[in-house]
Amino acid sequence: MDSKLFPEGVQRCSFGKFLIWSCFILAFFLWGLYAAVLVLYNGIGTTGLDNYFGFGLWITFDLAVIALGAGAFFTGFLKYILKIKQLEKIINLTVIVGFICYSGAMLVLTLDIGQPGRAWFGYWHPNVHSMLTEVIFCITCYCTVLIIEYVPLILEQKQLNKVPFIHALAHNMHVNMALFAGLGTFLSTFHQGSLGGMYGVLIGRPYAFREGFFIWPWTFFLFVISAVGSGPVFTVLVCTFMEKLTGKKLVEYKVKALMGKIAGTMLTVYVFLKILDTWAWATGYLPSVGLTFDDMFYGVAYGKWMMFTEIVLCGVLPAIMLIVPSIRNKPALLYTAALLDCIGVTINRYVFTVQTIAFPAMPFDKWYVYYPNWVEWASSVMIVAYGFLVLSLSYRYLPVFPQERHLNYK
Amino acid sequence: MHMKEFKIKWGMVIDIDKCTGCGACMVACQVENNIAPMTKKDPYNYVQALTKDRDDADNKLRTLTWMNVYELSNGKSFPEHEVAYLPRPCMQCGNPACVPVCPVVATDKNEEGGIVSQIYPRCIGCRYCMAACPYHARYFNWWDPLWPEGMDKQLSPAVSPRPRGVVEKCNFCHTRYAKAKDQARENGEDPMNLAEGAYVPACAEICPSGAITFGDLNNPEHKVHELAKSPHAFRLLEKLGLHPQVYYMSKREWVRKQGDNYNAGDKH
Ligand code: SF4
Ligand code: SF4
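In this report, the structure presented in the accompanying data block is examined. (Residues numbered from 1 in each chain as written. Chains lettered and ligands numbered in written order. Predicted model: local features only at pLDDT ≥ 70, side-chain atom pairs only at ≥ 80, totals over all residues. Heavy atoms only, no water.)

Brief notes about the overall build of chain B
Step number 1: When you go through chain B residue by residue, the secondary structure sums to six helices and eight strands.
Step number 2: Over its C-alpha atoms chain B spans a radius of gyration of 19 Å, differing by no more than 12% from the 18 Å that the globule rule assigns to 268 residues.
Step number 3: The buried share of chain B, reckoned over its 268 residues, is 55%.
Step number 4: For chain B, the proportion of contacts with a sequence separation of at least 24, taken over those separated by at least 6, is 67%. (Helix = DSSP H or I, 4+ residues; strand = E, 2+ residues; numbered from the N terminus. Rg over C-alpha atoms; globule rule 2.2 N^0.38 Å. Buried < 20%, exposed > 50% of the residue type's maximum accessible area, 1.4 Å probe, protein only. Contact = heavy atoms within 4.5 Å.)

What follows is the structure in C-alpha cells.
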C-alpha cells in the first residue's frame with residue numbers, strides 16, 4: 001500500500017503488520033502521555049520525588065540516554081573529521097539514535113522542572129558559573145545540530161527526493177555535514193562534561209565532590225570519556241535489535257566490531273581513570289572531611305555492590321572484551337560486552353544522581369531510600385516508545401542503511 | 001576560595017542546651033512566612049480525582065519547614081541516654097553550595113547583611129540547589145498553596161506567597177529586615193547600623209527559652225559577636241567549607257561532635 005515510499009530496492013513488511021506494531025508501541029506512548037499530562041496539570045507532586053530526593057529517575061534517565069546518545073557526535077567526529085570511511089555505513093543510525101536520545105531528554109526535562117513555562121530563563125538570566133546553564137545551552141544547541149543532521153536523511157526519502165529543489169538541498173546539506181559534525185562534537189563534549197561537572201562541583205555532597213583541573217572537576221572528564229566509551233556500542237545494540245526484529249542484515253559485522261573497538265578503547269581509558277579517581281577520593285578527599293569510604297554506602301539500595309558492579313563487572317570486564325580482537329569478533333560476546341558497558345554507564349549516572357543526595361551529610365540525619373512512582377516510570381516509558389516510533393518510521397521509509405540492499409538481496 | 005565579604009553579617013547563635021524541642025520556632029516561621037498548611041483535597045482542581053491526593057502534613061519529606069527541629073541522641077541506652085534538639089534554619093552560608101549552581105541566578109548572596117536570597121518569580125524549579133545544599137534547608141513547592149477558608153485572612157501582608165513548582169527557603173525573615181531599615185530611616189537613624197533587637201526573625205522572637213540569639217556577627221555591640229566565639233560554639237559541617245552564618249553552642253561534647261563528621265579520625 002505504501003510501498004512506493006520505501007527506500008530504493010528493499011522490502012518492508014505489509015502495511016497492516018506495520019500498523020499493528022505501531023499501535024502496540026502507541027499504547028505505551030499513550031500511557032506515558034497520560035502521566036505527562038498529569039504532571040503538567042497537577043505538578044510534580046504526583047511523582048515519587050520529595051525534598052530529600054529532588055533528583056530521581058528522570059534525571060538518571062536523562063543522563064543515561066544522553067550518555068548513550070553520544071554515539072552520534074563521536075561517530076560523526078570520527079567519520080567527518082578523522083575520515084574513518086567505514087563508519088558511513090552506520091552513521092545515519094547514530095544520528096537518529098542521538099536525535100531520539102536528546103529530544104527525549106529535553107522532553108523529560110520540561111516535565112522535570114517545576115515551572116516549565118520558565119525553561120527559557122536559562123537563556124534570559126543565565127548564571128555563567130553554573131554547570132547546569134552550560135548543559136541547557138549545549139543540549140538545546142546540539143539538539144538543533146542533530147535535527148540539521150537528521151533532515152537531509154528525511155529529504156532523501158525516495159518520493160521527496162524527486163523534487164529537484166529538495167534533492168539539491170539534501171545534497172548541499174550533506175556537503176556541509178563536516179561543519180555540523182565539528183560543531184556537534186564541540187557542543188557535545190562540553191555538555192557531556194558539564195553533566196559530570198554538575199555533580200563534581202557540589203561542595204556539600206561528599207559522595208560526588210571532586211577536585212579537578214581549572215574550573216572543571218574530574219567528573220567533567222570522566223563523564224565525557226564514559227559517554228564516548230558507551231555511546232557507539234549502544235548504537236550497535238540498537239542496530240542488532242533492529243536486525244533481529246526485521247530478520248535482515250543491516251550493517252556488516254566488521255563495522256560493528258569497529259564500533260566495539262572504538263568504544264572499547266575509550267572505555268579502557270575511562271575505567272583506568274575512574275579507578276584512579278575513586279581511589280583518590282576514598283583515600284584523600286573523604287578523610288579530609290572526616291568521612292570514610294564505608295560511610296558512603298548503605299543497605300542494598302546504596303550498597304557497595306553497585307560500585308563494584310559498575311566498575312568491575314560493567315567496566316573492566318567489557319573493556320577487556322572489547323579490546324581483545326578474538327573476543328570482539330564473536331557476535332554474541334560483542335553484544336554481551338556492549339550490554340554490560342551500557343548498564344555500567346547507566347549505573348554510574350544513577351549513583352551520581354541518587355546516591356549523591358541520599359548520603360546524609362549531617363551526622364544526625366539518616367539515609368532515605370527513593371523509589372520512583374508510576375508517573376515517573378510511565379513518562380520515561382513514553383520517551384522509549386517515542387524512540388521506537390521514530391526508529392520504525394525511519395527504517396520503513398528512509399534510506400538509513402546504505403548496505404541493506406547489498407547485504408540482503410544479492 | 002572566593003568569598004564575598006560584607007560589612008554586616010546577620011547571624012544566629014542557637015544554644016542547644018536551652019532548646020526544649022517545643023517547635024514554637026517552626027510554627028512562628030510558618031505563620032510569618034505564609035507557608036500554607038498541607039491539605040489533601042484541592043477544591044479548585046477538578047482533575048485531582050484522576051491522580052492521587054495532595055500530600056498532607058504526615059508526609060514529612062514533602063512538608064515545607066524552613067525552620068526544622070532535628071532530634072539528636074547520644075546513642076547510649078538508659079540511664080545514660082540523652083537527647084538534644086537542633087533547630088535548623090538556612091545557614092546563609094558564606095560560601096553557599098546553592099548559589100553558584102543555580103542556572104538562572106534565582107538565588108544569590110549579594111546584599112549587605114549576607115542573607116542568601118531566593119527570587120521566586122525567577123526560579124524554574126530545577127531543584128539543583130536542593131541537591132547542592134547538605135543542610136536540607138531548601139524546600140520545593142510540590143502543590144499550590146491553599147489556605148482553608150478564613151485562614152487566608154491571617155496572611156502576613158509583606159510576604160509573597162509562592163506558587164507550585166518553585167524552591168523556597170529561610171531568608172532570616174527578610175521582610176522584617178526591610179521593615180527595620182525603614183523604621184530606622186524614619187527615626188533618623190542609620191539603617192546600616194541597626195541596634196540589637198531592631199531586627200529579629202520570627203523564630204528568635206518567639207523562642208520561649210531564649211535559645212536563639214540573633215544579630216550582626218560583625219558588630220561588637222551585638223551579643224552574637226561574642227557568643228559565636230565561645231569555646232562551646234560550633235557550626236554544622238565546617239569541614240565542607242560552606243562557612244555558615246548560623247552558629248550553635250552546647251556545653252556537652254557529644255552534641256558538638258554531632259555537628260560534623262569525625263569517622264576518619266580528626267585530621268583537621
Ligand atoms: S544552608 Fe543550604 S540553602 Fe542555605 S545558604 Fe547554605 S547551601 Fe544555601
Ligand atoms: S530550583 Fe530555582 S533556585 Fe534552585 S537552582 Fe533551580 S532555578 Fe535556581
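A closer look at the side chain of Asn161 of chain A
Residues and elements named next belong to chain A.
Step number 1: Turning to its location among the elements, Asn161 is positioned in the loop between helix H6 (131-155) and helix H7 (164-175).
Step number 2: For Asn161, a relative accessible area of 19% puts it in the buried group.
Step number 3: Non-local contacts of Asn161, meaning those with residues more than four positions away in its chain, are made with Leu155, Glu156, His167 and Ala170.

Quick notes on helix H1 (residues 24-32) of chain B
Note that an α-helix has 3.6 residues per turn; residues three or four places apart therefore point the same way.
All names here are of chain B.
Step number 1: Every buried residue belonging to H1 is among Ala24, Cys25, Ala28, Cys29 and Glu32, and all of these are buried. For H1, the arc enclosing every buried residue in end-on projection is 135 degrees, short of the 170-degree limit, so these residues lie on one face. Across from the buried face of H1, at angles greater than 90 degrees, the exposed residues are Val27 and Val31.
Step number 2: Check the buried side of H1 and you find it contacts strand E2 (68-73), strand E3 (83-88), helix H3 (174-186), helix H4 (202-206) and strand E6 (212-216).
Step number 3: Asn34 sits one or two positions beyond H1 and adopts a positive phi of about 55 degrees. (Arc of directions from axis to C-beta.)

A look at the environment of Ile147 of chain A
Step number 1: Note on placement: Ile147 of chain A falls in helix H6.
Step number 2: Residues Ile147 of chain A and Asp112 of chain A, spaced 35 residues apart in sequence, show a C-alpha to C-alpha distance of 23 Å.

A look at the packing of helix H2 (residues 57-68) of chain A against helix H8 (residues 177-200) of chain A
Residue and element names in this part refer to chain A.
Step number 1: Packing of H2 against H8 leaves a shortest axis separation of 10 Å and a crossing angle of 145 degrees. Both H2 and H8 take part in a crossing whose hand is left-handed. Residue-level inspection shows Ile59, Leu63, Ile66 and Ala67 of H2 in contact with H8, the latter providing His191, Gln192, Leu195 and Tyr199.
Step number 2: A breakdown of the residues in the contact of H2 with H8 according to their chemical character gives six nonpolar, two polar and no charged. (Axes fitted to C-alpha atoms, helices over the stretch in contact; angles between N-to-C directions. Left-handed = near helix turned anticlockwise from the far one by under 90°. Nonpolar A, V, L, I, M, F, W, Y, C, P; charged D, E, K, R; others polar.)

Considerations on the interface of chain A and chain B
Step number 1: The partner chain B presents 58 residues to the 57 residues of chain A that form the contact.
Step number 2: Among the residues of chain A in contact with chain B, Asn51, Ile203 and Phe364 of chain A are the three that bury the most area, contributing 15% of the side total.
Step number 3: In this assembly, chain A and chain B are joined by one salt bridge.
Step number 4: Between Arg127 of chain B and Asp112 of chain A there is a salt bridge, with the nearest N and O atoms lying 2.5 Å from each other.
Step number 5: The interface formed by chain A and chain B holds 35 residue pairs in polar contact (both at pLDDT 80 or more) in total. (Buried area = accessible area lost by both parts, 1.4 Å probe. Salt bridge = Lys/Arg side-chain N within 4 Å of Asp/Glu carboxyl O. Polar contact = N/O pair within 3.5 Å; in protein donor to acceptor, adjacent residues only side chain to side chain.)

A few points about the pattern of salt bridges
Note that side chains of opposite charge can pair when their charged atoms are close.
Step number 1: Applying the stated criterion across every chain yields a total of 20 salt bridges over all chains.
Step number 2: Note that Glu88 of chain A is salt-bridged to Lys85 of chain A, the shortest N-O span being 3.1 Å.
Step number 3: The structure contains a network of salt bridges with shared partners spanning Asp17, Glu82 and Arg252 of chain B.

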